[in-house]
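Survey of secondary and tertiary structure
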Amino acid sequence: MKPPFPRTGCVYLVGAGPGDAELMTLRAVRLLRQADVVVYDNLVSKDVLDFVPPEAERIYAGKRRNEHTLRQEQINALLVKLAQEGKQVVRLKGGDPFIFGRGGEELQTLAAHGVAFEVVPGVTAASGVSSYAGIPLTHRDYAQSCLFVTGHLKDGTADLDWPSLVRLHQTVVIYMGLGGLPEICHQMMAHGADPALPIAVVQDGSLSTQRVVTGTLATMPERVKQAGLKSPCLTIIGEVVKLHDSLAWFTPAMAVTAT
Ligand SMILES: C[S@@+](CC[C@H](N)C(=O)[O-])C[C@H]1O[C@@H](n2cnc3c(N)ncnc32)[C@H](O)[C@@H]1O
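Cut-offs and rules
- By convention here, each chain's residues receive numbers from 1 onward along its written sequence.
- The predicted nature of this model means local features are confined to residues of pLDDT at least 70 and side-chain atom pairs, given and counted, to a pLDDT of 80 or more, with totals for whole chains, interfaces and linings taken over all residues.
- Hydrogen atoms and water are omitted, and side-chain values are computed over all heavy atoms in the structure.
- Residue types Ala, Val, Leu, Ile, Met, Phe, Trp, Tyr and Cys, when buried and joined through side-chain atoms within 4.5 Å, form a set referred to as a nonpolar core.
- When a residue's accessible area, from a 1.4 Å probe over protein chains only, is under 20% of the maximum for its type it is buried; when over 50% it is exposed; and in between it is partly exposed.
- Numbering of helices and strands runs from the N terminus, with a helix taken as a DSSP run of H or I at least four residues long and a strand as a DSSP run of E at least two residues long.
- Contacts between residues were defined by any pair of non-hydrogen atoms, one from each residue, lying within 4.5 Å.
- An expected span of 1.5 Å times one less than the residue number is assigned to each helix.
- How far each domain reaches was decided by an automatic or database domain assignment.
- Accessible-area loss on putting two parts together, using a 1.4 Å probe and summing over both, is the definition of buried area adopted here.
- What counts as a salt bridge is simple: a side-chain nitrogen of Lys or Arg found within 4 Å of a carboxyl oxygen of Asp or Glu.
- Whenever two N or O atoms come within 3.5 Å, that pair is a polar contact, provided that in protein one can donate a hydrogen and the other can accept it, and provided that, for residues adjacent in sequence, both atoms are side-chain atoms.
- In this count, Pro and Cys sit with the nonpolar residues alongside Ala, Val, Leu, Ile, Met, Phe, Trp and Tyr, while Asp, Glu, Lys and Arg are called charged and the others, Gly among them, polar.

Soluble globular proteins tend to pack their nonpolar side chains together in the buried interior. In this structure, Met188, Val201, Leu217, Met220 and Ile237 are the most contacted members of the largest nonpolar core, which totals 23 residues. Residue assignment for this core shows that the elements contributing at least two residues are α6 (162-165), β7 (170-175), α7 (181-190), β8 (198-203), α8 (220-227) and β10 (233-237). When residues no more than four places from it in sequence are discounted, the contact partners of Leu217 are Cys185, Met188, Met189, Ala193, Asp194, Pro195, Leu197, Ile199 and Ile237. In this structure, Ala28, Leu32, Tyr40 and Phe51 belong to the second largest nonpolar core, which totals 22 residues.

Attention shifts here to helix α3 (residues 72-84). Helix length check: α3 (13 residues) gives 19 Å between terminal C-alpha atoms against 18 Å at 1.5 Å per residue, within 8%. For α3, the set of buried residues is Gln72, Ile75, Asn76, Leu78, Leu79, Val80, Leu82 and Ala83. Buried residues along α3 sit in contact with β1 (10-15), β2 (37-41), β3 (57-62), β4 (88-93) and α4 (103-112). At the exit of α3 stands Gly86, carrying a positive phi of roughly 90°.

In this section: the domain arrangement of the protein chain. Partitioning the protein chain into domains gives domain 1 (10-120) and domain 2 (125-247). Between the C-alpha centres of domain 1 and domain 2 there is a distance of 28 Å. Opposite the nine residues of domain 1 that make contact, domain 2 presents 15 residues. Both faces combined, the contact of domain 1 with domain 2 buries some 900 Å², and carbon together with sulfur accounts for 71% of it. Linking domain 1 to domain 2 there are zero salt bridges. At the boundary of domain 1 and domain 2, one finds two residue pairs in polar contact (both at pLDDT 80 or more). Counted by class, the side of domain 1 that touches domain 2 contains five nonpolar, two polar and two charged residues.

Structural data, given as structure tokens:
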């Protein structure tokens, strides 16, 4: 069988999905099993890391909010160095590397240094987390479009395009929106959204610790505070959230552990 790696160093930018290891692609699993080095982020679950062979080096690159273990430039330089040493490097990121994952920035550095790379897409949180919460992002009765935005507001100030968020028949998915949730709900209502618009916040989607809290734009900041939700959380706003009550299928007891 043809070996999966070329003999020279290469960086494989791999999406690990939202947490449940069974949501990884076959290609992701194959590359992980044969890597020399795996450089992984905070959101990569333990079950996913179980696919890394014991002889492979593991480097934690961090990136919890306000706690970057390695700065982005250091990660970029590390990837270049490892590949130039002839290693097969898996750069493992939660979800999909090209969606709020800084994957493009890392590849630009690799390209500038003439380092070979490939990209393996992953199930992004919007898709994986909404599925495990029983919330279809589109539905002919409720939403004909879906918008992915980051809720990581710079210095607490709101720099989102609010009018585009309050369109009818649209689902809005907000990554990194937990801290900014009160501001997001406030701004959407200030820009004309119905205070009764349904909203869900899902913590640890697809994992045994998954929690789903639902409410409305008006009630959600207080509900989330009372529930004590912690990152990572995905926020889903729109009429489709109503479907959670009848379509929720996943219970934490169903979470599988990789073998
Ligand atoms: C830096 S972004 C990375 C997104 C990732 N590249 C993707 O495609 O899913 C991190 C954000 O993704 C969301 N997220 C990722 N995994 C999640 C999970 N299992 N449950 C809930 N939210 C998740 C959260 O909003 C979190 O703050």
